[in-house]
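# A structural walkthrough
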Amino acid sequence: MTIQQVLLLLLLWMWLLHPCRTEMLFRRTPDLRPRSSVGRTSGSDGKALHRQKRGWMWNQFFLLEEYTGSDYQYVGKLHSDQDKGDGSLKYILSGDGAGTLFVIDEKTGDIHATRRIDREEKAFYTLRAQAINRRTLRPVEPESEFVIKIHDINDNEPTFPEEIYTASVPEMSVVGTSVVQVTATDADDPSYGNSARVIYSILQGQPYFSVEPETGIIRTALPNMNRENREQYQVVIQAKDMGGQMGGLSGTTTVNITLTDVNDNPPRFPQSTIHLRIPESSPVGTAIGSVKATDADTGKNAEVEYRIIDGDGTDMFDIVTQKDTQEGIITVRKPLDYETRRLYTLKVEAENTHVDPRFYYLGPFKDTTIVKISVEDVDEPPVFSRSSYLFEVHEDIELGTIIGTVMARDPDSASSPIRFSLDRHTDLDRIFNIHSGNGSIYTSKPLDREISQWHNLSVIAAEINNPKDTTRVPVYVRILDVNDNAPQFAVFYDTFVCENARAGQLIQTISAVDKDDPLGGQKFFFSLAAVNPNFTVQDNEGKIHQQRKVFKDTSDKLFLISSETNSMQIPQSNQGMHKSVVSDGSATKNLFNRDLLSFSLQVIVVLFAALKRQRKKEPLILSKEDIRDNIVSYNDEGGGEEDTQAFDIGTLRNPAAIEDKKLRRDIIPETLFVPRRTPSAPDNTDVRDFINQRLKEHDTDPSAPPYDSLATYAYEGNDSIAESLSSLESGTTEGDQNYDYLREWGPRFNKLAEMYGGGESDKDAS
């Protein structure tokens, strides 16, 4: 027998045992209208009792979902006690699904479902029924409401909201640690039977995980699950309805579980001993190599810190942790020397930086290894005994004298011989030389401290077998001073002494200079080169005094000798000439008179030349005061009314110079003023040529003052109908002239006639 047959028999059994029958007779309900009595009885009060007629009473119908038969599914039967079976009544159905989902036989009252019904879509239907007289269409019973309830069957399996779940749990977790909870839902009716009761079970993932049947919580089932052994697990969970019993429906889901890392593994060096090599010429900070400890953990649980904890090279090497690669980089801390030490041993430790206290019982989370570093030999350049040399030598030593010796050696075990040389770029004058074999430096030219006090040399040392590998060392040579320069007078002295100077009077102070530089400073001693009774000199101060009065004109040349003492060196001396002129009063007066006469003659010559130049160009200025503060007169008569080419004074100004604001170089700044601009005169070739000539003469005049001064331009103009009024062309007679004819020229000449009208005006004025 199949599961479907068992299920069908079960449904049939449930249907037959249900207390509600598909064919039902409805009890009558009290009718509101008075009806004829069926029988009579008498009550205690003697009144007759009447039995009331009852109508129908509704109960709900039940219908199984998911009917699979070929005919309509029978739901139930409506019947009224008014129905005599003669077809006089008609049954009417209305409400949810009436006429479509549910149909009624109007004669018999049988109700059928026309198609399969799903409870999960609609659990019950509410309908209304009524019985009417077929002929009169009047209801024989009042309309009543009833319900068709759909009985559930287990036709839905449990489903999970996620097809695949993802979860994680730390490795080494204790048994029973919760991982994740999964929940399935069932669309069947949870209030009827066990169709919606779900039970969970694990189909895949044992023995590592388990699931709680009622809640769906997945838990760890084995202790010490190690991520390093296995990291990923796939668990399949089943949800089954009907309480998990046989015949129930089920659904499944997959849960991917990952073990997360914890620091349960210490770092481990793959080798107990590591060998490294480094050339001895490697500079400080050079990386020799790296060490790395492996850790089965990941992320921060695998982070390691390296350190040197022991060995004979702890002061020669350092180790630095490289965070991105988790390596320990060993570097040079101090310079290496193959000839001094060729092998170093280090003990290096690697330790986790993040330790989980729960796993201390597993042991220390650290490891050590031995690192052996071999220093390799390199052909090194020579090494000088000093980083620099300083030699001091006096400037008066003989040529070829050794001033000092530099020393160098080959640091290699072969100990090759060394050859020395001078860098000639540091000794361009070739004053020094060096012995190539022993490094002795000697002079090849004379030394002079006054020319150069210091010499900075560079000595080169190279191996004979490998001349390309060289080393340099600076050599500083200081030239010491000796007293090899005689003192000199600072200036040439020429002293005059009056004849009436008193005896012992200071007439001159002299000084001397010396190129040498003694430690105690320069000390000079002065003395007379020859005995002179007229003068004395103070030996250590250089002061010359008059010894006695001198009453005659004399000129003495005094040769003085100066001496300098430099420590214990031999003093140097020098002779110089000092001229003293001594004269009496008359000689002094004559000299003064001669000088005064010479000066006066020079002044006269200069004045005469200036007056001569002034005669050539006499200014027409009436005032004797500063020309810059007076009105400038221009005696230009003009040509009268008919003179259209008369000279306009505005032509004397240079409009272009005013516009460009160009200043003449001979203007005194504090008296600078900007002249008022006037309109330019019409172009007149005659006037322009005349003005240009006068300007040129004035600009080239060497006697012109250094500021703007008056320049006279006496030009009358052309074509005047009147004769010239200038007195330059008048007769030689000094008598008065008659200017009465000026009054005949018109009103414009009245003023001129009054000015030159003769003595009447003067008399009247007086």
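Above this text is the structure in question.
Now for a look at the structure at hand. (Residues numbered from 1 in each chain as written. Predicted model: local features only at pLDDT ≥ 70, side-chain atom pairs only at ≥ 80, totals over all residues. Heavy atoms only, no water.)

### A short note on the overall build of the protein
- Regarding its fold elements, the protein presents six helices and 41 strands.
- Counting every position in the protein, which comprises 766 residues, the buried fraction comes to 32%.
- Once local pairs closer than 6 in sequence are excluded, the contacts in the protein between residues at least 24 apart make up 68%.
- Total accessible area computed for the protein in this model is approximately 48,500 Å², and 51% of it derives from carbon and sulfur atoms. (Helix = DSSP H or I, 4+ residues; strand = E, 2+ residues; numbered from the N terminus. Buried < 20%, exposed > 50% of the residue type's maximum accessible area, 1.4 Å probe, protein only. Contact = heavy atoms within 4.5 Å. Areas by Shrake-Rupley, 256 points an atom, 1.4 Å probe, with all protein chains shown as cover.)

### So, the sheet that holds strand S22 (residues 343-352)
- If you trace the four strands from one edge of the open sheet to the other, you get S17-S23-S22-S19, paired in mixed fashion. In this open sheet, the two strands that pair with only one neighbour each are strand S17 (273-279) and strand S19 (304-311). The mean inter-strand angle of the sheet, taken between neighbouring strand axes irrespective of direction, is 30°.
- Taken together, the nine bridges between S22 and strand S23 (residues 366-376) define a ladder with antiparallel strand orientation. If you follow Leu-343 over to S23, its bridge partner there is Ser-374. (Pairing = 2+ DSSP bridges. Axes fitted to C-alpha atoms, helices over the stretch in contact; angles between N-to-C directions.)

### Regarding the sheet that holds strand S25 (residues 389-394)
- Read from one edge to the other, the open sheet built from four strands follows the order S25-S32-S31-S28, with strand pairing classed as mixed. The open sheet is flanked by S25 and strand S28 (418-422), the only strands paired with a single partner. Adjacent strand axes in the sheet meet at a mean angle of 30°, parallel and antiparallel pairs treated alike.
- Both strand S31 (residues 454-463) and strand S32 (residues 470-480) contribute to a ladder of nine bridges, which runs antiparallel. If you follow Ala-462 over to S32, its bridge partner there is Thr-470.

### Focus on the pattern of salt bridges
- According to the stated counting rule, one finds 21 salt bridges in the structure shown.
- A salt bridge links Lys-323 to Glu-305, with the nearest nitrogen and oxygen atoms 3.3 Å apart. Note that Lys-323 is positioned in the loop between strand S20 (317-322) and strand S21 (327-332) and Glu-305 in strand S19, a separation of 18 residues in sequence.
- For Glu-351, the salt bridge identified is with Arg-307, shortest N-O distance 3.1 Å. With Glu-351 in strand S22 and Arg-307 in strand S19, this residue pair connects regions lying 44 residues apart in the sequence.
- Taking relative accessible area as the criterion, Arg-307 reaches 32% and is therefore assigned partly exposed.
- Here the salt bridges share partners, and the residues they tie into one network are Arg-227, Glu-228, Glu-231 and Asp-261. (Salt bridge = Lys/Arg side-chain N within 4 Å of Asp/Glu carboxyl O.)

### Re the environment of Arg-358
- The topology assignment puts Arg-358 in the loop between S22 and S23.
- With 94 residues separating them in the primary sequence, Arg-358 and Asp-264 have C-alpha atoms 8.7 Å apart.
- In this structure the side chain of Arg-358 is engaged in a polar contact, spanning 2.8 Å, whose partner is the side chain of Asp-356. (Polar contact = N/O pair within 3.5 Å; in protein donor to acceptor, adjacent residues only side chain to side chain.)

### Regarding the environment of Ile-397
- One can find Ile-397 in the loop between S25 and strand S26 (402-405).
- For Ile-397, a relative accessible area of 22% corresponds to the partly exposed category.
- Sequence-wise, Ile-397 and Pro-446 are 49 residues apart; in three dimensions their C-alpha atoms are separated by 7.7 Å.
- Discounting residues that sit within four places of it in the chain, Ile-397 has contacts with Ile-403, Thr-443 and Leu-447.

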